[in-house]
Amino acid sequence: MAWRTGITDLLGVRYPIMQAGMGVVAGGRLAAAVSDAGGVGCIGASRMSPAELDEEIALVQAATSAPFGVDFLFPDLGERSAGPGEGTSHAVDPALRAELLEIVYRRRVPLIVYAMKLPAGAADEAHEHGIRVMTLVGTARHAARAQQLGADAVIATGTEAGGHTGAVALSVLVPAVVREVDIPVVAAGGIATGAGVAAALALGADGVWVGTRFLATHEAAVHDDVRKEAVARTEDQTVISRALSGKTCRLATNDFTAHWATREIKPFPEQAVEINRQGLVLKGLRDGDVVGSPIPLGQSTALVDRVDGAAAVLADLVGGAERALCGLTERVAP
Ligand SMILES: Cc1cc2nc3c(=O)[nH]c(=O)nc-3n(C[C@H](O)[C@H](O)[C@H](O)COP(=O)(O)O)c2cc1C
């Protein structure tokens, strides 16, 4: 079947199914597999050095000529900058941010995703290099701001989502954002099946941004025990906690979230500095400490029942969505 939405048109891709740019998890290998299969792969660059980012982009470009993206988690610290080298995302340092962006511009990556607030001027700068820009939003108000700042599309992130997320359910957020902006809207949070993709399109979305389901792929750069957690957990085994960074973030419930549930959590970015100083994010995702370390995970973990290759996941989402949409027209005949 031929798909056509605001996202297939914007990026020139076959399917408007985007793999979320998960820090640590989504390197060039995962992004290349998704893009090559007709979706949109995205490198999660939040913890990469410029050399690492350059290498991961090169890996994608060697594997496929299909469009892909790079996701940055540049915090908006205002006057409260923790300063470079203090252990939060390295990109608190403006010089380092510029260096990372320069690599993306030089290598002509088709898409940049700003995970946090879209900085003023960022979209215009990317557009000068012929690059599309998207940003994650949790309210219609934030979506309107992103549109005003020149975003080409917004990723409406429902509270179901793994990682940093807001409080509004996807079923309300997507139509509210669609009503607010004229640019394409991508739905994120809780989408792990073809039926979920179809539902997002029915709500008015032009595409989907899927994290947790792609975490459970062979290409994700995580420890096997993390993949197993994504398969094993039920929908009530994640929790929104500020323990990872000081901002609301959905994590797998474990000793880490239980420990912090009864302790004072510092505001962002101080909490992130503390957790990073202890190396807990890598200890969880890369070393497989799924008990004592933070593991970002969405409620859609309940719908993940096996570990697959990324291309197989994409094919399953596409096929499942097509079946769901055709099934609906049978149930509601004209
Ligand atoms: C392990 C993990 C790491 C994540 N890291 C990032 C990140 O670095 N940047 C970002 O924009 N979003 C990140 N996210 C959130 C995703 O972009 C996305 O919003 C979320 O996965 C969508 O919900 P889902 O997990 O239900 O599919 C992360 C999510 C997970 C599960």
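Residues numbered from 1 in each chain as written. Predicted model: local features only at pLDDT ≥ 70, side-chain atom pairs only at ≥ 80, totals over all residues. Heavy atoms only, no water.

Novice: Could you give an account of the overall build of the protein chain, with specific residues and numbers?
Specialist: Counting its regular elements, the protein chain contains 14 helices and 11 strands. Since a compact globule built from 334 residues should have a radius of gyration of about 20 Å, the 18 Å found for the protein chain is in line with a globular shape. Over its C-alpha atoms, taken along the principal directions, the protein chain stretches across nearly 60 × 45 × 40 Å. Residues classed as buried in the protein chain amount to 56% of the 334 residues present. Across the protein chain, contacts joining residues at least 24 apart in sequence account for 63% of those joining residues at least 6 apart. Approximately 13900 Å² of the protein chain is accessible, and the part contributed by carbon and sulfur atoms is 52%. Seen as two clouds, the 29 positive and the 38 negative side-chain charges of the protein chain have centres 2 Å apart. (Helix = DSSP H or I, 4+ residues; strand = E, 2+ residues; numbered from the N terminus. Rg over C-alpha atoms; globule rule 2.2 N^0.38 Å. Buried < 20%, exposed > 50% of the residue type's maximum accessible area, 1.4 Å probe, protein only. Contact = heavy atoms within 4.5 Å. Areas by Shrake-Rupley, 256 points an atom, 1.4 Å probe, with all protein chains shown as cover. Lys, Arg positive; Asp, Glu negative; His and termini not counted. Charge placed at Lys NZ, Arg CZ, Asp CG, Glu CD.)

Novice: Tell me about the site of the ligand, and name the residues and values.
Specialist: Taken together, 21 residues surround the ligand, and among them Gly23, Asp71, Gly190, Gly211 and Thr212 come closest. Between the ligand and Gly190 there is a distance of 2.8 Å, counted from an oxygen atom to a backbone nitrogen or oxygen. At 2.6 Å from an oxygen atom of the ligand is found a side-chain nitrogen or oxygen belonging to Thr212. Split into classes, the residues belonging to the shell around the ligand amount to 10 nonpolar, 10 polar and 1 charged. (Near = heavy atom within 4 Å. Polar contact = N/O pair within 3.5 Å; in protein donor to acceptor, adjacent residues only side chain to side chain. Nonpolar A, V, L, I, M, F, W, Y, C, P; charged D, E, K, R; others polar.)

Novice: Would you mind going over the pairing of strand 9 (residues 207–210) in detail, with residue names and values included?
Specialist: Neither face of strand 9 is open: one carries Gly207 and Trp209, the other Val208 and Val210, and all of them are buried. In this sheet, strand 9 lies alongside strand 1 (residues 17–19) in parallel orientation, the contact comprising 3 bridges. In the strand pairing of strand 9, Gln19 is matched with Val210. Alignment of strand 8 (residues 185–188) against strand 9, held across 3 bridges, turns out to be parallel. (Pairing = 2+ DSSP bridges.)

Novice: Account for the domain arrangement of the protein chain, with residues named and values stated.
Specialist: Entries for the protein chain in the domain assignment read domain 1 (13–224 + 306–331) and domain 2 (226–285). A straight line from the C-alpha centre of domain 1 to that of domain 2 covers 21 Å. At the interface, 30 residues of domain 1 touch 22 residues of domain 2. There are 1 salt bridge connecting domain 1 and domain 2. Residues Arg227 and Asp224 are paired through a salt bridge, measuring 3.0 Å at the closest nitrogen-oxygen approach. Our count for the contact surface shared by domain 1 and domain 2 stands at 16 residue pairs in polar contact (both at pLDDT 80 or more). (Domains from an automatic or database assignment. Salt bridge = Lys/Arg side-chain N within 4 Å of Asp/Glu carboxyl O.)

Novice: Can you explain the confidence of the model for the protein chain? Please cite residues and give values.
Specialist: Low-pLDDT portions of the prediction should not be read for the details of their coordinates. A residue-level look at the protein chain finds 95% of positions with pLDDT of 70 or above and a mean pLDDT of 94. Predicted confidence for residues 79–88 stays below pLDDT 50, and this span has 20 contacts to residues more than four positions away or in other chains. (pLDDT = per-residue confidence, 0-100.)

Novice: Just give me the short version of helix 2 (residues 28–36), but keep the residues and values in it.
Specialist: Counting buried positions over the 9 residues of helix 2 gives 7, a clear majority of the element. Among the residues making up helix 2, those that are buried are Gly28, Leu30, Ala31, Ala32, Ala33, Val34 and Ser35. Structurally, helix 2 contributes buried residues whose contacts are with strand 1, strand 2 (41–44), helix 3 (50–63), strand 3 (68–72), helix 9 (212–215) and helix 14 (310–331). Where helix 2 terminates, the next one or two residues include Gly38, which has phi positive at roughly 105°.

Novice: Quick rundown of the packing of helix 8 (residues 194–202) against helix 14? Include the residues and the values.
Specialist: Running from N to C, helix 8 and helix 14 cross one another at 60°; their axes reach a closest spacing of 6 Å. Comparing the axis directions of helix 8 and helix 14 gives the class oblique. Of the two possible hands of crossing, helix 8 and helix 14 adopt the one that is right-handed. Here helix 8 contributes Gly194, Ala195, Val197, Ala198 and Leu201 to the contact with helix 14, which in turn contributes Asp316, Leu317, Gly320, Ala321, Ala324 and Leu325. In terms of residue class, the contact of helix 8 with helix 14 is built from 8 nonpolar, 2 polar and 1 charged. (Axes fitted to C-alpha atoms, helices over the stretch in contact; angles between N-to-C directions. Parallel < 35°, antiparallel > 145°, perpendicular 65-115°, else oblique. Left-handed = near helix turned anticlockwise from the far one by under 90°.)

Novice: Describe the packing of aromatic side chains, listing the residues and the values that go with them.
Specialist: Scanning the entire structure with this criterion turns up 3 aromatic pairs. Pairing Phe72 with Phe74 gives two aromatic rings, centres 4.6 Å apart and planes at 15°, and the pair type is stacked. Phe72 sits in the buried class, given a relative accessible area of 0%. A relative accessible area of 5% means that Phe74 is categorised as buried. Both rings, one in Phe74 and one in Tyr114, keep their centres 6.1 Å apart while their planes meet at 65°; by these two values the pair is edge-to-face. Remark: Tyr114 occurs in strand 4 (residues 111–114) and Phe74 occurs in the loop between strand 3 and helix 4 (94–106); sequence separation between them is 40 residues. Summarising the burial analysis for this pair, Phe74 and Tyr114 share the class buried. (Phe/Tyr/Trp six-rings, centres within 6.5 Å; stacked < 30°, edge-to-face > 60°.)

Novice: Could you give an account of the sheet that holds strand 11 (residues 249–252), naming the residues involved and the relevant values?
Specialist: The strand order across the open sheet formed by 3 strands is 7-11-10, and the pairing between neighbours is antiparallel. Of all strands in the sheet, those bounded by a partner on one side alone are strand 7 (163–164) and strand 10 (238–241).

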